[in-house]
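Commentary on secondary and tertiary structure
The primary structure of each chain is shown beneath.
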Amino acid sequence: LIGLESVFSEDLEEYNKKITLEIARECVDVLHRNGIEIRANFIVRPDYTLNQFREVRKTIDLLEIDRPTFAVLTPFIGTDTYAAVRDELILDKPEFYDCYHTLQRTRLPLKTFYREFSDLFRAAQNRASSGEEIKVFYSGQGKSFESFVDKIEQSWRYYPEAVWAGEEMVRL
């Protein structure tokens, strides 16, 4: 398991990773040359655009990440990130602190954001040829991969209508 976290230099800097994209690519190449399967975490920011989602998919393919996994940036209580965005949270309910739900307003409409987020999982899985095992790490609690991804795609429904309708922020 490696925490690449992002395919964008500015994100890596913000996460204080002390690594560049070029170094990350070199590390992945070394692991592959030595026959080591790579499971890598990628953080999806709520402010991603359609182009950024596409770039994540493209880079995972280019790097040939064996088992990618994805998480929505979650500002956990007690962190600097939480302190910085606390007043901007659209939800502050414990059950949403699971790395699959955004707590912050998204740049894309919420429904579109979750479609793109779930498509990251699907695109990574679709790289597997027929009959291969699942190539994406996911927290499905015994559910099938597709059931898990469908639930993610429908996550926008768990937010109050005022949030997904693009109205003013709602704090619950």
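Please refer to the structure placed before this passage.
All figures in this text were calculated on a predicted structure; none of them were measured in a lab.

**Here's the deal with the overall build of the chain**
Each helix and strand in the chain was counted, giving 7 helices and 3 strands. The helix and strand sequence of the chain, counted from the amino end, reads β-α-α-β-α-β-α-α-α-α. Within the chain, the fraction of its 172 residues that count as buried is 44%. Put simply, of all contacts in the chain between residues at least 6 apart along the chain, 68% involve residues at least 24 apart.

**Considering helix H5 (residues 110–125)**
For H5, with 16 residues, the first-to-last C-alpha span of 23 Å sits near the 22 Å given by 1.5 Å per residue. The buried fraction of H5 is high, at 12 of 16 residues. Taken as a whole, H5 has its buried residues at Leu110, Thr112, Phe113, Tyr114, Glu116, Phe117, Ser118, Leu120, Phe121, Arg122, Ala124 and Gln125.

**A look at a negative patch on the surface**
Taken together, the side chains of Glu22, Glu26, Asp29 and Glu64 define an acidic patch exposed on the protein surface. Turning to its location among the elements, Glu64 is positioned in the loop between helix H3 (50–63) and strand S3 (67–72).

**What about the packing of aromatic side chains?**
Per the stated rule, a full pass over the model turns up 14 aromatic pairs. Ring centres of Phe113 and Tyr114 lie 5.4 Å apart, and the angle between their planes is 85°; on these two criteria the pair is classed as edge-to-face. Each member of the pair, Phe113 as well as Tyr114, carries the same accessibility label: buried. Measuring from centroid to centroid gives 6.3 Å for Phe113 and Phe117, while their planes differ by 15°, and the two rings are stacked. Of this pair, Phe113 and Phe117 both sit in helix H5, 4 residues apart, which is roughly one turn of that helix.

**Observations regarding the packing of H5 against helix H6 (residues 145–153)**
Following both chains from N to C, one finds H5 and H6 inclined at 160°, their axes separated by 8 Å at the closest point. Classed by the angle they form, the pair H5 and H6 counts as roughly antiparallel. Crossing angle aside, the handedness with which H5 passes H6 is right-handed. Contacts between H5 and H6 involve Tyr114, Arg115, Phe117, Ser118, Phe121, Arg122 and Gln125 from the former and Phe145, Glu146, Phe148, Val149, Asp150, Ile152 and Glu153 from the latter. Taken together, the residues of the contact of H5 with H6 sort by class into 7 nonpolar, 2 polar and 5 charged.

Rules used throughout
Residues numbered from 1 in each chain as written. Predicted model: local features only at pLDDT ≥ 70, side-chain atom pairs only at ≥ 80, totals over all residues. Heavy atoms only, no water. Helix = DSSP H or I, 4+ residues; strand = E, 2+ residues; numbered from the N terminus. Buried < 20%, exposed > 50% of the residue type's maximum accessible area, 1.4 Å probe, protein only. Contact = heavy atoms within 4.5 Å. Expected span 1.5 Å × (residues − 1). Patch = residues over 30% accessible without salt bridge, like charges linked within 9 Å, V, L, I, M, F, W, Y side chains within 5 Å. Areas by Shrake-Rupley, 256 points an atom, 1.4 Å probe, with all protein chains shown as cover. Salt bridge = Lys/Arg side-chain N within 4 Å of Asp/Glu carboxyl O. Lys, Arg positive; Asp, Glu negative; His and termini not counted. Charge placed at Lys NZ, Arg CZ, Asp CG, Glu CD. Phe/Tyr/Trp six-rings, centres within 6.5 Å; stacked < 30°, edge-to-face > 60°. Axes fitted to C-alpha atoms, helices over the stretch in contact; angles between N-to-C directions. Parallel < 35°, antiparallel > 145°, perpendicular 65-115°, else oblique. Left-handed = near helix turned anticlockwise from the far one by under 90°. Nonpolar A, V, L, I, M, F, W, Y, C, P; charged D, E, K, R; others polar.

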